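Below, each chain spelled out in residue letters.
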Amino acid sequence: MSIDPRRFRNAIGCFATGIAVVTFCPEGQEKGAEGSGPFGITVNSVTSVSLEPPLVLFCLARASRYYADVMACREFVINILAEGQQDLSARFASSATQGQWREVAAGVTAAGAPVLAGALAAITCSREVIHDGGDHGIVIGRVTALDWRPEGAPLLYYRGRYVRLDGDMQG
Ligand SMILES: Cc1cc2nc3c(=O)[nH]c(=O)nc-3n(C[C@H](O)[C@H](O)[C@H](O)COP(=O)(O)O)c2cc1C
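In short, a report on the structure. Quick caveat, the model's predicted, so the values are computed rather than measured.

Some thoughts on the sheet that holds strand β6 (residues 75–80)
Hydrogen bonds between backbone groups are what pair the strands of a sheet, and the pairing can be parallel or antiparallel.
Thought 1: Spatially, β3-β2-β6-β9-β10-β5-β4 is the arrangement adopted by the 7 strands of the open sheet, whose pairing is antiparallel. Because the sheet does not close on itself, it has two edges, and the strands there are β3 (39–43) and β4 (47–50). Pairwise comparison of adjacent strand axes, ignoring direction, gives a mean angle of 35 degrees for this sheet.
Thought 2: Where β4 lies against strand β5 (residues 55–61), 3 bridges are found, and the strand directions are antiparallel. The residue of β5 that forms the bridge with Thr47 is Leu57.
Thought 3: Its contacts with the sheet place helix α3 (residues 86–93) against β2 (20–24) and β3, and it is angled at close to 110 degrees to β3.

In structure tokens form, the structure reads like this:
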């Protein structure tokens, strides 16, 4: 049976997720140079895989203009966005080729991958393996460093829209 992609998106969109910007810096490249240097990709396909060893994954479209660059980066940072960082999500989901880092506040890891200011958490990973996932690659990283804020609300994605966490937590 063939599944219509639109209907698939509608159904899987019922699974609410957070949003992350995964950041990279190809070896030897520095922040600032247009068309090269650090880059980021908005994703909602982040999942923890294993605690021991600590592994996480995200899925990357093979059609992404960054696919080959991701293959070339040993390290990446999963920046989990906070409520109010919708502009960052939109910026790193844009196919605009220039100015991705204009007025973006960020630190960097030792390997040069940007750590976005104000994110709820930054999970630094070393690339372990990339599995085949149809029209996506399943990128698995081994966690090498962690940083998170004890408070703050996440930016969420649900049914194709950004939503806020209702303050009333249950359970
Ligand atoms: C909320 C949201 C979640 C996304 N999740 C993913 C994802 O998990 N994997 C992916 O490859 N692209 C994802 N995208 C799309 C990429 O961010 C976007 O296609 C890419 O940054 C644009 O570059 P491109 O022109 O090379 O495709 C997502 C976009 C948005 C807005």
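Having seen it, we continue.
So, the site of the ligand
Thought 1: Inspection of the region around the ligand gives 18 residues, with Val43, Ser45, Arg65, Ala93 and Ser95 positioned closest.
Thought 2: Broken down by secondary-structure element, the contributors of at least two residues to the shell around the ligand are β3, β5 and α3.
Thought 3: Element by element, the count of residues in the shell around the ligand is highest for β5, at 4 residues.
Thought 4: Broken down by class, the residue content of the shell around the ligand amounts to 11 nonpolar, 6 polar and 1 charged.

A few points about the sheet that holds strand β12 (residues 161–164)
Thought 1: Taken in spatial order, the 3 strands of this open sheet run β1-β11-β12, and their pairing is antiparallel. On the outer flanks of this sheet lie β1 (17–18) and β12, each paired with one strand and no other.

Here we look at the nonpolar core
Thought 1: Ranked by internal contacts, the top residues of the largest apolar core, which has 34 residues, are Ala20, Val21, Val22, Phe76, Ile78 and Leu81.
Thought 2: At the level of elements, β2, β3, β5, β6, α3, β9 (121–133) and β11 (155–158) are the ones that each hand at least two residues to this core.

As for unusual backbone geometry
Thought 1: Pro53 follows Glu52 through a cis peptide bond whose omega is 5 degrees.
Thought 2: Among the structural elements, Pro53 can be located in the loop between β4 and β5.
Thought 3: Residue Glu103 is not a glycine yet carries a positive backbone phi of 60 degrees.
Thought 4: Within the secondary structure layout, Glu103 lies in the loop between α3 and β7 (106–108).
Thought 5: Looking at Glu103, the number of C-beta atoms within 10 Å reads 7, which means it is exposed.
Thought 6: In this model, Arg159 sits at a positive phi of 55 degrees, which is unusual for a non-glycine residue.
Thought 7: By the secondary structure assignment, Arg159 is in the loop between β11 and β12.
Thought 8: Since 11 C-beta atoms lie within 10 Å of it, Arg159 is described here as exposed.

What to know about the environment of Ala117
Thought 1: Looking at the secondary structure, you find Ala117 in the loop between β8 (114–116) and β9.
Thought 2: You can call Ala117 partly exposed: it has 13 C-beta atoms within 10 Å.
Thought 3: As for Ala117 and Pro150, which are separated by 33 residues in sequence, their C-alpha atoms are 15 Å apart.

Reading the values: rules and limits
- Residues numbered from 1 in each chain as written.
- Predicted model: local features only at pLDDT ≥ 70, side-chain atom pairs only at ≥ 80, totals over all residues.
- Pairing = 2+ DSSP bridges.
- Helix = DSSP H or I, 4+ residues; strand = E, 2+ residues; numbered from the N terminus.
- Axes fitted to C-alpha atoms, helices over the stretch in contact; angles between N-to-C directions.
- Contact = placed C-beta atoms within 7 Å.
- Near = placed C-beta within 6 Å.
- Nonpolar A, V, L, I, M, F, W, Y, C, P; charged D, E, K, R; others polar.
- Core = buried A, V, L, I, M, F, W, Y, C linked by C-beta atoms within 7 Å.
- Buried ≥ 20, exposed ≤ 12 C-beta atoms within 10 Å, placed from the backbone.

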